[in-house]
Amino acid sequence: MSAPTVRCWLVERTFGDRDFVTIVYATPDGSRYQQRQRSSTSLQTGPTVTAATEIPEDDLEPVPDEETRERYAAEVERTAERYDPDDPI
């Protein structure tokens, strides 16, 4: 039996100095998140980064502070208003 999943929305994309991009997906209320790192090459050749994705509940981390939770929740709202879940962004 597979773990239950949660639809999470893209809330942050940060370009690092070592050819890595950090992508953060968060739950609609901003309370949990998953951070992924991908090389800029894999962004072009690998799976598409979409507005939302289904993430197993066990793979989500709690957001450590209220300010970040509020920022993530606001960004989820903006992203969800502008994009369909499967839209590449």
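Whatever comes next refers back to the structure up there.
Remember, it's a predicted structure, so these values are computed and weren't measured experimentally.

### Observations concerning the side chain of T79
Counting through the fold element by element, T79 comes out in helix α2 (residues 66-82). Take T79: its relative accessible area is 6%, and that puts it in the buried class. Among the polar contacts made by the side chain of T79, one reaches the main-chain carbonyl oxygen of L10 at a distance of 3.2 Å. Here T79 is in contact with W9, L10, A51 and I89, once residues within four sequence places are set aside.

### Quick word on the packing of aromatic side chains
Enumeration over the complete set of coordinates arrives at one aromatic pair. Measuring from centroid to centroid gives 6.3 Å for Y33 and Y72, while their planes differ by 55°, and the two rings are tilted. Note that Y33 is positioned in strand β3 (residues 32-39) and Y72 in helix α2, a separation of 39 residues in sequence. Classification of Y72 by relative accessible area gives buried; the value is 7%.

### A few points about the sheet that holds strand β2 (residues 20-26)
Read across the sheet, five strands follow the order β4-β1-β2-β3-β5 without closing on themselves; strand pairing throughout is antiparallel. Both edges of this open sheet fall to β4 (52-56) and β5 (61-62), since each of them pairs with a single strand only. Here six bridges tie strand β1 (residues 5-15) to β2, and the two strands are oriented antiparallel to one another. Note that in β2 the partner of T14 across the bridge is T22. Here α2 sits on the sheet and contacts β1, β2 and β3; the angle it forms with β1, its principal contact strand, is near 100°.

### What about the nonpolar core?
Ranked by size, the top nonpolar core spans ten residues in total: W9, V11, V24, A26, Y33, A51, A52, V63, Y72 and V76. Elements supplying a minimum of two residues to this core: β1, β2 and α2. Contacts of V63, omitting those with residues within four sequence positions, involve G30, S31, R32, Y33, T68, R69 and Y72. By size, the runner-up hydrophobic cluster in this structure holds nine residues, among which are V6, V21, I55 and L60.

What counts and what doesn't
Residues numbered from 1 in each chain as written. Predicted model: local features only at pLDDT ≥ 70, side-chain atom pairs only at ≥ 80, totals over all residues. Heavy atoms only, no water. Helix = DSSP H or I, 4+ residues; strand = E, 2+ residues; numbered from the N terminus. Buried < 20%, exposed > 50% of the residue type's maximum accessible area, 1.4 Å probe, protein only. Polar contact = N/O pair within 3.5 Å; in protein donor to acceptor, adjacent residues only side chain to side chain. Contact = heavy atoms within 4.5 Å. Phe/Tyr/Trp six-rings, centres within 6.5 Å; stacked < 30°, edge-to-face > 60°. Pairing = 2+ DSSP bridges. Axes fitted to C-alpha atoms, helices over the stretch in contact; angles between N-to-C directions. Core = buried A, V, L, I, M, F, W, Y, C linked by side-chain atoms within 4.5 Å.

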